[in-house]
Amino acid sequence: MPGLIRAAARTAVIAGTATSVSNRVARRQGNRWAQKEAAQQAQFEQQMAASQPQYAPPPQQQYAPPPPAAPAGGEDRIAQLQQLADLKAQGILSEQEFAAEKARILGS
């Protein structure tokens, strides 16, 4: 009977040692894989951040006033100047208003 107990004890020690070693190996491998996965995730995030296009805000548009109208034909200008002269003669336009409109019509 002592031989049977000794064999059972030896089996229990061997099985316990094997389980302990197996658990330790599994823990180490799990830690290594977790570290490797974390490093890969960080590298992936860096690549994604680097591949994201960096957009600059659109430049502020400076809108210029529309250019003055192209000078009309000579007859139109003459007619407009005559109308301005009539308005000035009637006292509707002052001398300054007349000069400003005349300059606009003549494009100078």
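About the criteria used
Residues numbered from 1 in each chain as written. Predicted model: local features only at pLDDT ≥ 70, side-chain atom pairs only at ≥ 80, totals over all residues. Heavy atoms only, no water. Helix = DSSP H or I, 4+ residues; strand = E, 2+ residues; numbered from the N terminus. Areas by Shrake-Rupley, 256 points an atom, 1.4 Å probe, with all protein chains shown as cover. Salt bridge = Lys/Arg side-chain N within 4 Å of Asp/Glu carboxyl O. Buried < 20%, exposed > 50% of the residue type's maximum accessible area, 1.4 Å probe, protein only. Expected span 1.5 Å × (residues − 1). Patch = residues over 30% accessible without salt bridge, like charges linked within 9 Å, V, L, I, M, F, W, Y side chains within 5 Å. Lys, Arg positive; Asp, Glu negative; His and termini not counted. Charge placed at Lys NZ, Arg CZ, Asp CG, Glu CD. Phe/Tyr/Trp six-rings, centres within 6.5 Å; stacked < 30°, edge-to-face > 60°. Lys NZ or Arg CZ within 6 Å of the ring centre and 35° of its normal. pLDDT = per-residue confidence, 0-100.

Within the protein chain, the regular secondary structure consists of three helices and zero strands. Its helices and strands taken in sequence order, the protein chain reads α-α-α from the N to the C terminus. Surface accessibility of the protein chain: about 9800 Å² in total, with carbon and sulfur atoms responsible for 58%.

Two side chains carrying opposite charge are able to pair once their charged atoms lie near each other. Taken as a whole and judged by the stated rule, the model has two salt bridges. Glu 95 serves as the salt-bridge partner of Lys 88, at 2.6 Å between the closest nitrogen and oxygen. The exposure class of Lys 88 is partly exposed, given its relative accessible area of 32%. Glu 95 gets classed as partly exposed once you look at its relative accessible area, which sits at 49%.

Another point: helix α3 (residues 95-106). In this model, α3 (12 residues) spans 16 Å end to end at C-alpha, consistent with the 16 Å of a helix rising 1.5 Å per residue. Looking at the residues trailing α3, positive phi occurs at Gly 107, about 75°.

Turning our eyes to something else, we now look at a positive patch on the surface. A cluster of basic residues, Arg 24, Arg 27, Arg 28 and Arg 32, forms a positive patch at the surface. A relative accessible area of 53% means that Arg 27 is categorised as exposed.

Let us look at the packing of aromatic side chains. Taken as a whole and judged by the stated rule, the model has zero aromatic pairs. Seen from the ring of Phe 98, Lys 88 lies directly overhead, with NZ or CZ sitting 5.0 Å from the centre.

On to the confidence of the model for the protein chain. Confidence in the prediction for the protein chain averages 80 pLDDT; 82% of positions are at 70 or higher. Across the protein chain, element-level confidence peaks in α3 with a mean pLDDT of 88 and bottoms out in helix α1 (residues 2-51) with 84.

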